[in-house]
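# Residue-level structural notes
The residues making up each chain are set out below.
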Amino acid sequence: GAVVSQHPSRVICKSGTSVKIECRSLDFQATTMFWYRQFPKQSLMLMATSNEGSKATYEQGVEKDKFLINHASLTLSTLTVTSAHPEDSSFYICSARWGTSGGGLRTDTQYFGPGTRLTVL
Amino acid sequence: AQSVAQPEDQVNVAEGNPLTVKCTYSVSGNPYLFWYVQYPNRGLQFLLKYITGDNLVKGSYGFEAEFNKSQTSFHLKKPSALVSDSALYFCAVRDMQAGYSTLTFGKGTMLLVSP
């Protein structure tokens with residue numbers, strides 16, 4: 001259990017286009033999902049936290065109009081990078097946390113997706 | 001505020017030898033502590049965590065970690081390293097007092113196990 005998937009795993013786009021990344025919890029319902037950004041050989045930087053059915057909470061310095069997050073269901077969150085530019089090139093990782101106990105999953109553990117490598121030309 | 005320090009950028013160890021990856025933390029309340037491993041171009045895999053109880057926590061792939069409250073440390077250990085253990089390891093903390101607060105990650109330690 002506790003599998004989180006991301007799609008696509010890799011995307012290359014032209015500057016100015018928008019890119020959508022999907023994050024799904026495959027075998028549990030995630031009341032809270034997180035989006036991180038990771039630069040080469042660096043730690044994860046939390047971009048935003050989203051709760052199902054409500055607006056995402058963005059970390060300081062993250063442009064909410066540029067990085068649109070939608071958490072429409074308990075198993076799906078999407079990150080859309082709008083009008084992407086080369087500086088947006090990065091590794092984006094989503095994470096999901098399960099909000100209730102039972103089924104062998106701990107409510108206080110975050111499970112991570114495999115990541116999406118975005119390259120903006 | 002909560003923070004995590006991983007003082008070593010890289011740890012080198014020979015296969016079969018014991019390994020230790022260091023982590024110290026700072027929280028205002030009681031800590032939830034986690035170790036994750038990341039292989040190249042992959043997301044993070046959960047290894048183990050400490051919430052409460054026994055200070056020695058056993059996790060996946062033969063890894064364990066020891067919670068030391070007085071030293072505010074949570075070092076990751078394995079008695080006998082494998083070449084396949086080579087990866088990037090992250091320590092993370094969450095403050096229990098803050099309810100469902102977010103995880104704070106260390107900068108990561110690259111573990112290289114030589115044959």
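Note that the structure is predicted; figures quoted are calculated from it, not measured.

### Observations concerning the state of the cysteines
All names here are of chain A.
- Evaluated as defined, the whole model comprises 2 disulfides over all chains.
- For C23, the disulfide goes to C94, at an S-S distance of 2.0 Å. The chirality of the disulfide connecting C23 with C94 is right-handed, given an S-S dihedral of about 75°. Of the two residues, C23 sits in strand β3 (residues 19–25) while C94 sits in strand β9 (residues 90–98), which places them 71 residues apart along the sequence.
- The class for C23 is buried, based on a relative accessible area of 0%.
- Take C94: its relative accessible area is 0%, and that puts it in the buried class.

### Concerning the nonpolar core
- Ranked by size, the top nonpolar core spans 28 residues in total, and within it F67 and L118 of chain A carry the most contacts.
- Those elements that place two or more of their residues in this core are β2 (10–13), β3, β4 (30–38), β5 (44–51), β7 (67–73), β8 (76–81), β9 and β11 (116–120) of chain A.
- In terms of residues, this core owes the most to one element, β9 of chain A, which gives 4 residues.
- If you look at the next biggest cluster of nonpolar residues, it comprises 27 residues, including V4, Y50, F63 and C91 of chain B.

### Concerning the pattern of salt bridges
- As enumerated under the stated definition, the model contains 6 salt bridges over all chains in all.
- Note that K66 of chain A is salt-bridged to D88 of chain A, the shortest N-O span being 2.9 Å. Placement of K66 of chain A in the loop between β6 (57–58) and β7 and of D88 of chain A in the loop between β8 and β9 is noted, with a sequence separation of 22 residues between them. In this structure, K66 of chain A and D88 of chain A share a single accessibility class: buried.
- The partner of K107 of chain B in a salt bridge is D9 of chain B, with the nearest N and O atoms 2.3 Å apart. Residue K107 of chain B is found in the loop between β11 (104–105) and β12 (109–114), and its partner D9 of chain B is found in the loop between β1 (3–5) and β2 (10–14); the two are separated by 98 residues along the sequence.

### Describing the side chain of T109 of chain B
Residues and elements named next belong to chain B.
- Mapped onto the elements of the fold, T109 is located in strand β12.
- With a relative accessible area of 0%, T109 lands in the buried category.
- Polar contacts involving the side chain of T109 include one to the side chain of Q6, which spans 3.1 Å.
- If sequence neighbours within four positions are ignored, T109 has contacts with Q6, E8, D9, Q10, V11, V21, A87, L88 and Y89.

### A closer look at the pairing of β2 of chain A
Residues and elements named next belong to chain A.
- Burial of the side chains of β2 is restricted to one face: V11 and C13 are buried, whereas none of R10 and I12 on the reverse face is.
- In this sheet, β11 lies alongside β2 in parallel orientation, the contact comprising 4 bridges. The partner of I12 across the bridge, within β11, is T119.

Conventions we followed
- Residues numbered from 1 in each chain as written.
- Chains lettered and ligands numbered in written order.
- Predicted model: local features only at pLDDT ≥ 70, side-chain atom pairs only at ≥ 80, totals over all residues.
- Heavy atoms only, no water.
- Disulfide = S-S within 2.5 Å.
- Helix = DSSP H or I, 4+ residues; strand = E, 2+ residues; numbered from the N terminus.
- Buried < 20%, exposed > 50% of the residue type's maximum accessible area, 1.4 Å probe, protein only.
- Core = buried A, V, L, I, M, F, W, Y, C linked by side-chain atoms within 4.5 Å.
- Salt bridge = Lys/Arg side-chain N within 4 Å of Asp/Glu carboxyl O.
- Polar contact = N/O pair within 3.5 Å; in protein donor to acceptor, adjacent residues only side chain to side chain.
- Contact = heavy atoms within 4.5 Å.
- Pairing = 2+ DSSP bridges.

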